[in-house]
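Fold and contact review
Here are the chains, one letter per residue:
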Protein chains: 2
Amino acid sequence: METVGRMAGVSQVTVSRALSDPSKVSPATLKRIQEAIAVTGFVPNALAGALASRKSKLISALVPSITNIVYSAMVKAFSDRMRGHGYQILLSETGFDPHEEERLISTHLSRRPDAIMLTGIHHTAQARKMLLGTGLPVVELWDITDTPIDLCVGFSHIGAGRGVAEFAIGAGYRTAGTVSAGDERALRRKDAFAAEFLKAAGSPVDEVNFEGPASLARGREGLRLLLEEKGFERGVIFCSSDLLAHGVLIEAAARGLRVPDQIAVVGFGDQDFAQHVAPSLTTVRVDRASLGMAAADAILARFEGGETPAVTDLGFEIIRRGSA
Amino acid sequence: METVGRMAGVSQVTVSRALSDPSKVSPATLKRIQEAIAVTGFVPNALAGALASRKSKLISALVPSITNIVYSAMVKAFSDRMRGHGYQILLSETGFDPHEEERLISTHLSRRPDAIMLTGIHHTAQARKMLLGTGLPVVELWDITDTPIDLCVGFSHIGAGRGVAEFAIGAGYRTAGTVSAGDERALRRKDAFAAEFLKAAGSPVDEVNFEGPASLARGREGLRLLLEEKGFERGVIFCSSDLLAHGVLIEAAARGLRVPDQIAVVGFGDQDFAQHVAPSLTTVRVDRASLGMAAADAILARFEGGETPAVTDLGFEIIRRGSA
DNA sequence: TTGTATGCGTTATCAG
DNA sequence: CTGATAACGCATACAA
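Residues numbered from 1 in each chain as written. Chains lettered and ligands numbered in written order. Predicted model: local features only at pLDDT ≥ 70, side-chain atom pairs only at ≥ 80, totals over all residues. Heavy atoms only, no water.

Helix and strand content of chain A: 12 helices and 12 strands. Compactness check: chain A gives a C-alpha radius of gyration of 25 Å against a globular reference of 20 Å for 324 residues, more than 25% above the reference. Summarising its shape, the C-alpha atoms of chain A cover approximately 85 × 40 × 30 Å along the three principal directions. A burial count over chain A gives 53% of its 324 residues as buried. (Helix = DSSP H or I, 4+ residues; strand = E, 2+ residues; numbered from the N terminus. Rg over C-alpha atoms; globule rule 2.2 N^0.38 Å. Buried < 20%, exposed > 50% of the residue type's maximum accessible area, 1.4 Å probe, protein only.)

Structure representation (C-alpha cells):
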C-alpha cells in the first residue's frame, strides 16, 4: 500500500480507505489509486488486514466427509450464501471422529475465523469448552438438540426413524430389518425406527450394522446378511442411506426377489438417483440446500446483532415411491 | 504469548520458541510453558504468525464443483496429504467459469497461500499473469499440457476419447453416439472420440450435448434425444460421465432395448456404482486419489526445493464390463 | 478529504 | 538457552 500510495501521490492510509470504502476518498485520487493498483498488480494482504481489524472474513466449517453428497451439498449451499456476503470457508474433514474434530477446531481457531460451523451435536467436552471460550458464533448443522453450543439448524433423527416406522406400519408391513453404516446419527435413526416398529408391530427388527462409510457393495452385502444370517425372509428394510438402499435393491434383483412384495426398501436422503432406480426408491427427504442456507443465515443474523432463534428445525419428509 | 510467558516466568519470545521448536527451550521451562498454555487455553494466532514469517501454511484449491465426486475425491486425497504435512486447504468452487476462477484466485491470493491448486489448464490470461507474478508453486490438476503455469498433474483427455474410440472399433461397433454434459474437458474427450471413430469406422457420430451438470435425468433424456431426434438406432454410446451412462442404461431398460446388443454404453470415471449396475458399466477409470496425492507431492517437492517434473501424466484405463 | 501515530500477535535477527 | 528489538502489512483513532 505504501508503494501504491507513493505512485498515486497519497499516503498508505488513503489507499487502505480506497479499498475498504471508496466513498471516503475523492473521485480523483480514487482513480489515481486504482491505476497504481492496476500497474503494480497489488493484492492486499488479508492476513495483515485481519490482524489489525480482528475480522478475518473467514468461516471455519467442519464436516465428517467432503465426498459424501449429503455433506458436500450442505457445505455448497452454506458457502455460496457466505461467499455472497464476502466470507470465505475454511473446510476440513473430521472423518466422523470427535477427537479429530477437536484437533481441527483447535487449528481452525488459530486462523481466527469469524464463526464456526460444525456437523452434528456430539462433540468432546474440550471442544465445547474451547468454542464457548472464544465467544464466536457457532452453528451446529444436520441435527437438533435442546442444548446447542450456540446456534443449531437441522432436524430430529429420532423423529425421522420413528416416522419411517409409522409409515411402514401404516403401509401394512409387519416385519422389518435395517441396514446401517457410518455415523452415530444413522444409528439413532435406526434405534428409533426399531423401537417404534417393535412397539407397534410387536416383532423385533433384524439389524445389520457396518462400521465406516456406506456403499453399494455394503448394501448388497447387507441384504445377504439379513437373509442368510438373520433369518429375515420378508418385510420392509430401512437403510441408513439411499446408497445402501440402492445396493439392497440390486441384490434383491440379483436374487429374483420381488420388490416391494417380498422385500420393501426405504432409503434415506432422497438423492438424485432415488427416483430413477427401478423400482423407484421410497425414502426420507431432507432439504440439504435449505439446511446449509439456514445455517449461513443464522450466522449472518448473529453478525448483525439481532435476535436469532437458537434452534431451527427444518424437518424431513417421507417420499413414497415404488420400493415400499 | 505475553500472558503465558509471564505465568511461566519467561518472555514472550521463549513461548514462541516453545511452540515452534520445543527443542530450543530447556525441558524445565518447556514444561512450565505448556502448563501455562493448558491453564489459559491459549490458542496461537496463526494470522500474526503468517504475517511475520511469510508462511501461511495455507494451500488454496479451486475446483469446478465440490458436490461432484470426481473433484471432491481428488480434493480429499490432496488435502489429506497436505494436512499430513501441516497445511490447511482453502477451498472454493469456480462453477466451471474461468472468470469466476479469476476472481477467486485474486481473493485467495490475498490470504497469502503457500501454493495454489487449480483444476484444468484453461485459465484467463489475467489469471495466469497474477499466478506467475506471485512466484508461488501452482499445480494444475486433472489435465495435462505442454505449457503448464508451473506444475501439472493429470492425463490426456484427448487420449482418453481416442482410446475409447479404438476400444469401440476393436469391440466391433460401427456406429456411435455421444451424450455429454458440462465442461470443456468433456467436450474435448467427445471430440477426440468422434474424430477417431469417424476416421476408423467411416461413420459420423451422433451427438447430444447438455449445458451444465450431468445427472441421471439427463442421461435418460440423452438417449431419448439420440433415438428420437438424431435417428440413432444401434451402436455404442460414449457418455461424458458414469452418471450420464447410468441414465442411458436406465432409459434403455425402460424402452426394452437390449444392452449391449442394440445399445452399448461406455461411461467415464469408474464411480462406485459402475460395477454394480445391470449390466455392469464399461468405463474409463481415472485414479482420482492418486491424482490428488501426486498434486500434493509435486507441491511438497517444490517446497523442498528439489527438482520436480513439470508434467506428470497418470494416464487412464478402460475397464471393460457388461455394457459394451 | 487526507495524514499521523499506534497497535494487531507473531517471527527473525542479533546479543548475551 | 534466553531476551530485546525490529519488522510483517494493514486498520483504527484522532488530528488537521
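Here B:D297 is to be found in helix 12 (residues 288-304). Taking the C-alpha atoms as reference, B:D297 lies 9.5 Å from B:T308; in sequence the two are 11 residues apart.

All names here are of chain A. An order of 7-6-8-9 is seen for the four strands of this open sheet, with the pairing classed as parallel. Since the sheet does not close on itself, it has two edges, and those belong to strand 7 (206-210) and strand 9 (263-266), each with one partner. Each adjacent strand pair in this sheet contributes to an overall mean axis angle of 15°, direction not counted. Bridge count between strand 6 (residues 176-181) and strand 7: five bridges; the pairing is parallel. Bridged to S180 within strand 7 is N209. (Pairing = 2+ DSSP bridges. Axes fitted to C-alpha atoms, helices over the stretch in contact; angles between N-to-C directions.)

So, on to the pattern of salt bridges. Residue and element names in this part refer to chain A. This model, assessed by the stated rule, comprises 46 salt bridges over all chains. Linking E228 and R255 is a salt bridge whose minimum nitrogen-to-oxygen distance equals 2.8 Å. Taken together, the residues E228 in helix 10 (residues 216-228) and R255 in the loop between helix 11 (242-254) and strand 9 connect sequence positions 27 residues apart. On the basis of relative accessibility, which here comes to 45%, the residue E228 falls in the partly exposed class. Its relative accessible area of 32% is what places R255 among the partly exposed residues. Taken together, the salt bridges that share partners define one network made up of R220, E221, R224, E228, E251 and R255. (Salt bridge = Lys/Arg side-chain N within 4 Å of Asp/Glu carboxyl O.)

Okay, the UniProt feature "domain: HTH lacI-type" (unreviewed entry) in chain A next. In this structure's numbering, the residues bearing the UniProt feature "domain: HTH lacI-type" (unreviewed entry) are residues 1-53 of chain A. End C-alpha to end C-alpha, residues 1-53 of chain A measures 16 Å, and it is 72% helix and 0% strand. (UniProt positions renumbered as here; feature names shortened; annotations may be inferred.)

With that settled, consider the interface of chain B and chain A. With 43 residues of chain B at the interface, the matching set in chain A holds 43 residues. Of the roughly 3,900 Å² buried at the junction of chain B and chain A (both faces included), carbon and sulfur atoms supply 58%. Contact with chain A buries surface across chain B, with B:L47, B:R111 and B:H276 losing the most and accounting together for 19% of the total. Between the two partners, chain B and chain A, sit four salt bridges. Notably, a salt bridge pairs B:K76 with A:E93, separated by 3.1 Å at the nearest N-O pair. The tally of links from chain B across to chain A stands at 18 residue pairs in polar contact (both at pLDDT 80 or more). Contributing elements (two or more residues each) for the side of chain B that touches chain A: helix 4 (46-53), helix 5 (69-83), strand 2 (88-93), helix 6 (98-110), helix 10 (216-228) and helix 11 (242-254) of chain B. For the side of chain B that touches chain A, the residue count by class is 22 nonpolar, 12 polar and nine charged. (Contact = heavy atoms within 4.5 Å. Buried area = accessible area lost by both parts, 1.4 Å probe. Polar contact = N/O pair within 3.5 Å; in protein donor to acceptor, adjacent residues only side chain to side chain. Nonpolar A, V, L, I, M, F, W, Y, C, P; charged D, E, K, R; others polar.)

How big an interface is tends to be expressed through the accessible area that disappears when the partners come together. Residue and element names in this part refer to chain A. Partitioning chain A into domains gives domain 1 (2-44), domain 2 (56-155 + 288-314) and domain 3 (157-285). Between the C-alpha centres of domain 2 and domain 3 there is a distance of 30 Å. Taken residue by residue, the interface counts 13 residues in domain 2 and 10 residues in domain 3. Summed over both partners, the interface of domain 2 with domain 3 comes to about 850 Å²; 53% of that surface belongs to carbon and sulfur atoms. (Domains from an automatic or database assignment.)

Quick look at the environment of B:S323 now. All names here are of chain B. Tracing the chain through its elements places S323 in the segment after strand 12 (317-319). The class of S323 is buried, set by a relative accessible area of 0%. Sequence separation between S323 and L249 is 74 residues; the distance between their C-alpha atoms is 8.4 Å. For S323, the contacting residues outside a window of four places in its chain are L249, V259, P260, I263, A264, V265, P279, S280, L281 and T282.

Further remarks concern the environment of A:G292. All names here are of chain A. With respect to the helices and strands, the residue G292 is situated in helix 12 (residues 288-304). Through-space distance from the C-alpha of G292 to that of G154 is 9.3 Å; in sequence the pair is 138 residues apart. With residues up to four places along the chain from it excluded, the contact list for G292 reads M74, A77, F78 and L141.

We now examine the protein's contact with DNA strand C. For DNA strand C, the set of nearby residues contains 24 residues, the closest of which are A:V13, A:T14, A:R17, A:T29 and B:S16. By atom count, sugar and phosphate contribute 64% of the portion of DNA strand C lying within 4 Å of the protein. Here a phosphate oxygen of DNA strand C and a backbone polar atom of A:S11 are 3.0 Å apart. Between DNA strand C and the protein, one listed contact pairs a base nitrogen with a backbone N or O atom of B:A48 at 3.4 Å. Put simply, the parts of the chain that give the surface near DNA strand C at least two residues each are helix 2 (12-20) and helix 4 (46-53) of chain A together with helix 2 (12-20) and helix 4 of chain B. A breakdown of the residues in the surface near DNA strand C according to their chemical character gives 11 nonpolar, nine polar and four charged. (Near = heavy atom within 4 Å.)

DNA strand D sits among 24 residues. The nearest are A:S16, B:T14, B:R17, B:T29 and B:R54. Counting only atoms of DNA strand D within 4 Å of the protein, the sugar-phosphate share comes to 65%. At a separation of 3.1 Å, a phosphate oxygen of DNA strand D approaches a polar backbone atom of B:S11. Between B:T29 and DNA strand D, the recorded distance is 3.4 Å, taken from a side-chain N or O atom to a phosphate oxygen. Of all the secondary-structure elements, those providing two or more residues to the surface near DNA strand D are helix 2 and helix 4 of chain A together with helix 2 and helix 4 of chain B. Classifying every residue of the surface near DNA strand D gives 11 nonpolar, nine polar and four charged.

With an RMSD of 0.1 Å, the fit of chain B onto chain A corresponds to turning through 180° and sliding 0.0 Å along the axis. When the rotation and shift are considered jointly, the pair of chain copies conforms to a two-fold rotation axis. Of all interface residues in chain B, 100% are interface residues in chain A too; the two copies therefore contact each other through one and the same surface. (Least-squares fit on C-alpha atoms with pLDDT ≥ 70 in both.)

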